[in-house]
Amino acid sequence: LLPACVGGTDKVFDVEAVVMVAAGDAHVACVTAKGTVWSWGKGSSGQLGHGDRDPRQRPVRLGKQMYGGSPAVMVACGGAIRRRGGHTLVLTGVGVWSCGWGEFGQLG
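Parameters and conventions
- Residues numbered from 1 in each chain as written.
- Predicted model: local features only at pLDDT ≥ 70, side-chain atom pairs only at ≥ 80, totals over all residues.
- Heavy atoms only, no water.
- Helix = DSSP H or I, 4+ residues; strand = E, 2+ residues; numbered from the N terminus.
- Buried < 20%, exposed > 50% of the residue type's maximum accessible area, 1.4 Å probe, protein only.
- Contact = heavy atoms within 4.5 Å.
- Disulfide = S-S within 2.5 Å.
- Pairing = 2+ DSSP bridges.
- Axes fitted to C-alpha atoms, helices over the stretch in contact; angles between N-to-C directions.
- Polar contact = N/O pair within 3.5 Å; in protein donor to acceptor, adjacent residues only side chain to side chain.
- Salt bridge = Lys/Arg side-chain N within 4 Å of Asp/Glu carboxyl O.

A.B. asks: Please set out the overall build of the chain residue by residue, giving values where relevant.
C.D. replies: For the chain, the helix and strand inventory stands at zero helices and seven strands. For the chain, the sequential pattern of α-helices and β-strands runs β-β-β-β-β-β-β. Reported as C-alpha extents along the three principal axes, the dimensions of the chain are approximately 40 × 40 × 20 Å. Counting the 108 residues in the chain, one finds 39% classified as buried. Contacts in the chain between residues at least 24 apart in sequence constitute 35% of all its contacts with a sequence separation of at least 6.

A.B. asks: Account for the state of the cysteines, naming residues and giving values.
C.D. replies: The full count for this structure, using the stated rule, is zero disulfides. Of the cysteine sulfurs around C77, a residue in no disulfide, the closest is that of C99, at 8.6 Å. On the basis of relative accessibility, which here comes to 15%, the residue C77 falls in the buried class. Residue class for C99 comes out buried when judged on its relative accessible area of 18%.

A.B. asks: Run through the sheet that holds strand β1 (residues 18-23), naming residues and quoting values.
C.D. replies: With respect to topology, four strands assemble into an open sheet ordered β1-β2-β3-β4, the strand pairing being antiparallel. The open sheet terminates on both sides in strands that have one partner only, identified here as β1 and β4 (56-62). For this sheet, the mean inter-axis angle between neighbouring strands, taken without regard to orientation, is 20°. Relative to strand β3 (residues 37-41), strand β2 (residues 27-32) runs antiparallel, the two being bridged by five bridges. Each residue of the ladder has a partner; that of H27, found in β3, is G41.

A.B. asks: Give me the lowdown on the side chain of S45, citing residues and values where you can.
C.D. replies: For S45, the position within the fold is in the loop between β3 and β4. There is a polar contact of 3.4 Å between the side chain of S45 and the backbone nitrogen of G85. Once you skip the residues sitting within four places of it in the chain, S45 turns out to touch R53, G85, G86, G100 and W101.

A.B. asks: Explain the pattern of salt bridges residue by residue, including any values.
C.D. replies: A complete count under the given rule lists two salt bridges for this structure. Salt-bridge contacts for E16 lead to R61; the nearest nitrogen and oxygen are separated by 3.9 Å. Placement of the pair is E16 in the segment before β1 and R61 in strand β4, with a sequence separation of 45 residues. Measuring nitrogen to oxygen at the nearest pair gives 3.0 Å for the salt bridge that ties R56 to D52. Judged by its relative accessible area of 18%, R56 is buried.

Right, here's the structure in full:
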């Protein structure tokens, strides 16, 4: 299969340049140059960070208020453990934020 642009030709990331992308087993997150986090994919364990367990077929923005108002610097997506859900970590200037499956302490 050939690569395809995420979101097609739409201005998915509000014309912000994406500077980092991370992928878990079934979800993806990215950080833009302005420190905005976007996530999409499977959300069954809350790993997308939207406050629910719904999947997202296209990238959806996470507000900076979710991270103490601080812009994101880096994002990491963890894979599923024993077919359970993944998790996501976001690094900001004020700390590390986590969401998703944390049965084994991976959320901190």
